[in-house]
Amino acid sequence: LLRLGPCRLGPWQSAAAQQWAMAAVMLILLGFKIWGLVVDVLVMSLTATDAKRNGGDYLLDENLKIFSFPELVRDFWRSGAWFASILIAAGSAVLPLSKGVLLLFSWHTPLLSYRRRGQVIGLLHHFGRYVFIDVFFSCFIISVFFVEMTFGDLHVFVSTRVCVPYVIGVTCNVAVNVIGE
């Protein structure tokens, strides 16, 4: 990093102010992560065009299914993919949120000794690499549901796209992991 000279942070120079600011940032990130878990995250759409024409007239352009996180876990479970369902639930909800809460606890509790705090943060460091399991499965779903076929004069295209809350949730996962390091 470049040193730009003396930094005048005013009230932010105290360790307590920095600690509370970090706690506020973590709570905001965890709030956005929770929000990303309850709103729509993936949209599967079907587009059918006339294959004879160069640009093709749209005959059908509909959203087939809109997935939220609970629906995604439930659909995997009902289809018999129990392990995938458990991994998605653990990687999307349980691991990231518990890591954030444990980081807040370990930073702000006077009950932990310096040694114990280091052990907890070290454990969370190893724990944190599994919080991206949901990204893997979402990429898998997006790639599996990418179908393009032509039936005579009909060109059919099935695709899955990611919604903004999903991107925000992944960004919050990354930010919590960076802050935890």
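Residues numbered from 1 in each chain as written. Predicted model: local features only at pLDDT ≥ 70, side-chain atom pairs only at ≥ 80, totals over all residues. Heavy atoms only, no water.

A. Seen up close, the packing of aromatic side chains. Across all of its chains, the model carries two aromatic pairs by this definition. For the ring pair F32 and W35, a centre distance of 6.4 Å and an interplane angle of 75° mean the geometry is edge-to-face. Here W35 and F32 lie together in helix α1 (residues 15-38), a separation of three residues that amounts to about one turn. With a relative accessible area of 40%, F32 lands in the partly exposed category. Judged by relative accessible area, which is 36%, W35 ranks as partly exposed. Here the aromatic rings of W77 and W82 are separated by 6.5 Å at their centres, their planes lie at 70°, and the arrangement is edge-to-face. Accessibility expressed as a relative area gives 44% for W77, which makes it partly exposed. (Phe/Tyr/Trp six-rings, centres within 6.5 Å; stacked < 30°, edge-to-face > 60°. Helix = DSSP H or I, 4+ residues; strand = E, 2+ residues; numbered from the N terminus. Buried < 20%, exposed > 50% of the residue type's maximum accessible area, 1.4 Å probe, protein only.)

B. Looking closely at helix α2 (residues 69-78). Within the sequence span of α2, burial applies to F69, L72, V73 and F76. Along α2, the residues classed as buried sweep out an arc of 95° about the axis, all on the same side. Where α2 terminates, the next one or two residues include G80, which has phi positive at roughly 95°. (Arc of directions from axis to C-beta.)

C. Layout of the packing of α2 against helix α3 (residues 82-108). It is the contact of α2 with α3, at a shortest axis distance of 7 Å, that shows an interaxial angle of 160°. One element, α2, and the other, α3, form an angle in the roughly antiparallel class. For the pair α2 and α3, the sense of crossing is left-handed. Contacts between α2 and α3 involve F69, V73, F76 and W77 on the former and, on the latter, W82, A84, S85, I86, I88, A89, S92 and A93. (Axes fitted to C-alpha atoms, helices over the stretch in contact; angles between N-to-C directions. Parallel < 35°, antiparallel > 145°, perpendicular 65-115°, else oblique. Left-handed = near helix turned anticlockwise from the far one by under 90°. Contact = heavy atoms within 4.5 Å.)

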